[in-house]
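Inside the fold
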Amino acid sequence: MAFQFPVRIYWEDTDAGGIVFYANYLKFFERARTEWLRSLGLGQQALREQTGGMFVVTDARLRYLRPARLDDQLIVTAQLEEKGRASLTIVQQALLNQEHMNAGEPALLSEGTIRIGWVDGATMRPARIPAHILEQLS
């Protein structure tokens, strides 16, 4: 089951056409991944302080299907797809929450696959994800 994170669309999220600026979906996905990790007891600042390492985005592939607009309520998901020794692949979606509109199921707006790698925080060189972190992701 995918982790879910609510996002409301504010004026600052939109472009001159009144729709969410495409790059903002990356911010929404980042927030959902961060909160997903936090829900597993893996706060990113604490990880860096305790291990000296951190996750960095190494690849992002997004697809845009429908626009979100001012005041929309979204559900942004994060789900682990693949776990390696030095990276994780997470699939994510941004869905329009239509519950408040009595329209039923959320509509898919954008979807993406994000790969995050573990690096040494001081050198920024790739490193293995510590075993206790991989265990918490299971």
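Let us look at the structure shown here. (Residues numbered from 1 in each chain as written. Predicted model: local features only at pLDDT ≥ 70, side-chain atom pairs only at ≥ 80, totals over all residues. Heavy atoms only, no water.)

**Considering the nonpolar core**
- With 29 residues, the main nonpolar core has F28, F55, L74, V76, L88, I133 and L137 as its most contacted residues.
- If you list the elements that add at least two residues to this core, you get α1 (24-39), β3 (73-83), β4 (87-96), β5 (107-120) and α3 (131-136).
- It is α1 that contributes the most residues to this core, six residues altogether.
- Not counting residues up to four positions away in its chain, the partners in contact with L88 are F55, L80, E82, K83, I114, R115, I116, I129, L134 and L137. (Core = buried A, V, L, I, M, F, W, Y, C linked by side-chain atoms within 4.5 Å. Buried < 20%, exposed > 50% of the residue type's maximum accessible area, 1.4 Å probe, protein only. Helix = DSSP H or I, 4+ residues; strand = E, 2+ residues; numbered from the N terminus. Contact = heavy atoms within 4.5 Å.)

**Section: α1**
- Taking 1.5 Å of rise per residue, the 16 residues of α1 would be expected to cover 22 Å, and the 23 Å separating its terminal C-alpha atoms lies within 8% of that figure.
- Packing partners of the buried residues in α1 comprise β1 (3-8), α2 (44-51), β2 (53-64), β3, β4 and β5.
- Where α1 terminates, the next one or two residues include G41, which has phi positive at roughly 80°. (Expected span 1.5 Å × (residues − 1).)

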